[in-house]
Amino acid sequence: MKKVIKGLASYRKRLTGKHYLILALLLLLLFFFNIKAIIAVSILGVLASYSKFYQRYIKVPGVVELLTFSTVMTSIAYGPVVGAAFGIIASFAADIIGADIDLFSFVDMFGRGVIGFLAFHLYSPEGSIVALGLIMTLIFYAISLPLYLLPGDLELKLKAVVYIPLNLAFNFVIFSSLGNLLLKVLI
C-alpha cells in the first residue's frame with residue numbers, strides 16, 4: 001500500500017499546468033454536457049471499434065460487428081449529427097485497430113455516417129427498432145457493397161454472398177434482443 005501511495009505522490013509531482021488545464025476542461029465539459037451520454041457513447045464506441053478486431057486474425061467476412069447497431073442507437077438517442085460522427089469515427093477506429101485501412105475503409109466510413117444521419121430521421125417510437133435496424137443495414141449495403149463487387153475478384157463476390165445473409169441475421173438478433181433495452185438506457 002505504501003508503494004501505491006508513494007507512486008501516486010510521485011505522479012502528482014509530474015503534473016504540469018497543462019495537465020491541470022486539460023483536467024479542468026474535461027470537468028467543465030462533464031458539467032455542461034450530459035455525463036450519461038458521454039459515458040454511453042464512449043462505451044458504445046469502444047465496443048463497436050473492437051467488434052471487428054477478430055478479423056485481423058481470422059480471415060472471414062465480418063459478420064459479427066456492432067458498428068451498425070451502435071451507430072443506429074447513438075443516432076436515435078443523440079441526434080443525426082452525433083450519429084453520423086459516431087459512425088464515421090467508430091468505423092475508422094475499427095479499421096485502425098484491426099490494421100485494415102484501405103480504400104474500402106473510406107466507403108465504409110461514409111456509409112456508417114449516412115446511416116447514422118438517417119436513423120434519427122427514420123426512427124418512430126411507434127415503429128419497430130428491428131425493422132429500422134435492418135433498413136439501415138440494407139442502406140449500408142447499398143452504399144458499400146457496389147465498390148466491393150465492382151472489381152472482378154471472385155473471392156470478394158463470394159464473401160458478399162456469405163456476408164449479407166449472415167450479417168442481416170446477426171443484426172436481426174442484436175436489434176431484436178438489445179435494441180429497445182439499450183434505447184431505454186440511452187434516452
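In the block above lies the structure referred to throughout.
In this text the structure is predicted, and so the values were computed from the model without any measurement. (Residues numbered from 1 in each chain as written. Predicted model: local features only at pLDDT ≥ 70, side-chain atom pairs only at ≥ 80, totals over all residues. Heavy atoms only, no water.)

## Looking at the nonpolar core
For clarity, the cut-off: In this text, buried Ala, Val, Leu, Ile, Met, Phe, Trp, Tyr and Cys residues form a nonpolar core when linked through side-chain atoms within 4.5 Å. Only protein chains enter the accessibility calculation, which uses a 1.4 Å probe; a residue whose area is less than 20% of its type maximum is buried, one above 50% is exposed, and one in between is partly exposed. Working definition: helices are DSSP H or I runs of at least four residues, strands are E runs of at least two. Numbering for both runs from the N terminus. In what follows, residue pairs with any heavy atoms lying within 4.5 Å of each other are defined as contacts.
Formed by 28 residues in total, the largest nonpolar core has its most connected members in Val72, Met73, Ile129 and Phe175. The set of elements that each furnish at least two residues to this core consists of α3 (35-50), α4 (67-78), α5 (80-97), α6 (103-122), α7 (129-149) and α8 (154-186). In this structure, Met73 is in contact with Ile129, Phe175, Gly179, Leu182, Leu183 and Leu186, ignoring residues within four places of it in sequence.

## Remarks on the packing of aromatic side chains
Selection rule: Only centres within 6.5 Å qualify two rings of Phe, Tyr or Trp (six-membered ring in Trp) as a pair; their planes then separate them into stacked at under 30 degrees, edge-to-face at over 60, and tilted for everything else. Should the NZ of a Lys or the CZ of an Arg lie within 6 Å of a ring centre and within 35 degrees of the ring normal, that charge is described as sitting over the ring.
Under the counting rule described, the total for this entry stands at two aromatic pairs. Consider the rings of Tyr141 and Tyr163, whose centres lie 5.7 Å apart with planes at 65 degrees: the pair is edge-to-face. Of this pair, Tyr141 sits in helix α7 while Tyr163 sits in helix α8; the two residues are 22 residues apart in sequence, bridging distant segments of the chain. Taking the relative accessible area as the measure of exposure, Tyr163 reaches 12% and is therefore buried. The aromatic ring of Phe140 is capped on one face by Arg112, whose charged end is 3.8 Å from the ring centroid.

## Thoughts on the packing of α5 against α6
Defined as follows: Only C-alpha atoms enter the line fits that serve as axes; for helices the fit covers just the stretch in contact. Angles between N-to-C directions range over 0 to 180 degrees. An angle below 35 degrees is read as roughly parallel, one above 145 as roughly antiparallel, one from 65 to 115 as roughly perpendicular, and any other as oblique. For any pair of crossing helices, the crossing counts as left-handed if the nearer helix is rotated counterclockwise from the farther one by less than a right angle, and right-handed if it is rotated clockwise. Three categories are distinguished: nonpolar for Ala, Val, Leu, Ile, Met, Phe, Trp, Tyr, Cys and Pro, charged for Asp, Glu, Lys and Arg, and polar for the others, with Gly belonging to the last.
Between α5 and α6, whose axes approach to 7 Å, the crossing angle comes to 155 degrees. Between α5 and α6, the interaxial angle falls into the category roughly antiparallel. Viewed along their axes, α5 and α6 form a crossing whose handedness is right-handed. Where α5 approaches α6, its residues Pro80, Gly83, Ala84, Gly87, Ile88, Ser91, Phe92 and Asp95 are matched on the opposing element by Ser105, Asp108, Met109, Arg112, Gly113, Gly116, Phe117, Phe120 and His121. Grouping the amino acids of the contact of α5 with α6 by side-chain chemistry returns seven nonpolar, seven polar and three charged.

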